[in-house]
Amino acid sequence: MYEMGLTQTKLAEMLGLSTARISEIITGKGEPSLKTGREISRKLNIDPAIVLGV
């Protein structure tokens, strides 16, 4: 996110999620669903394993 200049708000808009949900995922308080994890990895161009904590 930092390298792309994205805020949590902007990422939430890109994914159609709430800012609170993005915050939960980023801070580790919540896990993304498989679908959300896949979308995050696509939008940020990172390995899905990083997003899903595998």
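Residues numbered from 1 in each chain as written. Predicted model: local features only at pLDDT ≥ 70, side-chain atom pairs only at ≥ 80, totals over all residues. Heavy atoms only, no water.

## A few points about the pattern of salt bridges
Tallied over the full model, the rule gives two salt bridges. Here E24 makes a salt bridge to R21, at a shortest N to O gap of 3.1 Å. Taken together, the residues E24 and R21, both in helix α2 (residues 19-27) and three residues apart, mark about one turn of the helix. Here R42 ties to E39 by a salt bridge, and the two come within 3.0 Å at their closest N and O atoms. Taken together, the residues R42 and E39, both in helix α3 (residues 34-44) and three residues apart, mark about one turn of the helix. Taking relative accessible area as the criterion, R42 reaches 55% and is therefore assigned exposed. (Salt bridge = Lys/Arg side-chain N within 4 Å of Asp/Glu carboxyl O. Helix = DSSP H or I, 4+ residues; strand = E, 2+ residues; numbered from the N terminus. Buried < 20%, exposed > 50% of the residue type's maximum accessible area, 1.4 Å probe, protein only.)

## Examining the nonpolar core
Note on soluble globular proteins: their nonpolar side chains tend to be buried together. Counting residues in hydrophobic clusters, the biggest one holds nine residues: L6, L11, A12, L15, I22, I25, I40, L44 and V51. Among the elements of the structure, α1 (8-15), α2 and α3 are those that each provide at least two residues to this core. Considering every element that reaches this core, the biggest residue donor is α1, with three residues. Beyond its immediate sequence surroundings of up to four residues, V51 is in contact with P32, G37, I40, S41 and I46. (Core = buried A, V, L, I, M, F, W, Y, C linked by side-chain atoms within 4.5 Å. Contact = heavy atoms within 4.5 Å.)

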